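Spelled out, the chains give:
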Amino acid sequence: MDLREHFILMADYNIRMNGQVYDACARLDADRLSADSGAFFGSVLGTLNHILVGDLLWLARFAPHSDRYHALASLSTLPKPQALDEIIHADLLSLVSARTTIDTIIRRWLSEEVTADDFNRTLVYANSKGVVSERDFGELVCHFFNHQTHHRGQASALLSQHGIDVGITDLLIDIPDHINHS
């Protein structure tokens, strides 16, 4: 498996799933979106903000890994989260706009700027508490996508509690089938 191609597949899955989750969220009023549902990040809106916070933190850590990562440089104009539970966008419309922007940046970064060799190096970064780590970059990108999927699953469960189905969530439908079924 080519890691770069796999991560592009994950970026495409990310775009599809975020679209489905945000479309489902549009069927809830603002009070239900922000109501504390007992989830780790409180509400549907809190959970979706946490995913965005995680993305912003990780992409900022990834940015210095290569001087080719121009797409990630555009993140400097976006909010710089200070806490994992920070509500960056308190309304769905601004959250959708930010999510779309970040998803576009992720896709462009992976398809136009990352090379296979980038995944064979380590990344030195500091976490939100200032603890420095050095880890395999490919594994960190895998964690980046896994984090999104994990918390989107939580958002999907919260939406289901409101009687809203987000649709098919399986990555399987995004994996190309190499058998001609015609």
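Check the entry above for the structure.
Given the structure is predicted, the values throughout are model-derived calculations rather than measurements.

Peer 1: I would appreciate a short explanation of the packing of aromatic side chains in the present structure.
Peer 2: The geometry of an aromatic ring pair is captured by two quantities: the separation of the ring centres and the angle between the planes. Within the structure shown, the criterion is met by 13 aromatic pairs. On the basis of an interplanar angle of 15 degrees and a centroid distance of 5.8 Å, the ring pair of F119 and F137 is categorised as stacked. Remark: F137 occurs in helix α6 (residues 137–161) and F119 occurs in the loop between α5 (92–113) and β1 (122–126); sequence separation between them is 18 residues. Judged by relative accessible area, which is 2%, F119 ranks as buried. Since its relative accessible area comes to 0%, F137 is described here as buried. Here the aromatic rings of F144 and F145 are separated by 5.1 Å at their centres, their planes lie at 70 degrees, and the arrangement is edge-to-face.

Peer 1: Please explain helix α1 (residues 3–25) as it appears in this structure.
Peer 2: Three or four residues apart is the spacing at which side chains of an α-helix point the same way, because the helix has 3.6 residues per turn. Given a rise of 1.5 Å per residue, 23 residues ought to cover 33 Å, and the 32 Å separating the end C-alpha atoms of α1 matches this to within 8%. Taking the backbone nitrogen of R4 as reference, a side-chain oxygen 2.9 Å away marks D2 as the first, capping residue of α1.

Peer 1: Even after reading the chapter, I still don't get the packing of helix α3 (residues 44–62) against α5, so can you show me in this structure?
Peer 2: Two quantities define a packed helix pair, namely the angle between the helix axes and the distance between the axes. Two numbers describe how α3 lies on α5: the axes approach to 11 Å, and their chain directions differ by 35 degrees. The hand of the α3/α5 crossing is left-handed. Note on element contacts: α5 touches α3 through L92, L95, A98, R99, I102, I106 and W109, opposite L45, L48, N49, I51, L52, D55, L56, L59 and F62.

Here is what the cut-offs are and how they apply
Residues numbered from 1 in each chain as written. Predicted model: local features only at pLDDT ≥ 70, side-chain atom pairs only at ≥ 80, totals over all residues. Heavy atoms only, no water. Phe/Tyr/Trp six-rings, centres within 6.5 Å; stacked < 30°, edge-to-face > 60°. Helix = DSSP H or I, 4+ residues; strand = E, 2+ residues; numbered from the N terminus. Buried < 20%, exposed > 50% of the residue type's maximum accessible area, 1.4 Å probe, protein only. Expected span 1.5 Å × (residues − 1). Polar contact = N/O pair within 3.5 Å; in protein donor to acceptor, adjacent residues only side chain to side chain. Axes fitted to C-alpha atoms, helices over the stretch in contact; angles between N-to-C directions. Left-handed = near helix turned anticlockwise from the far one by under 90°. Contact = heavy atoms within 4.5 Å.

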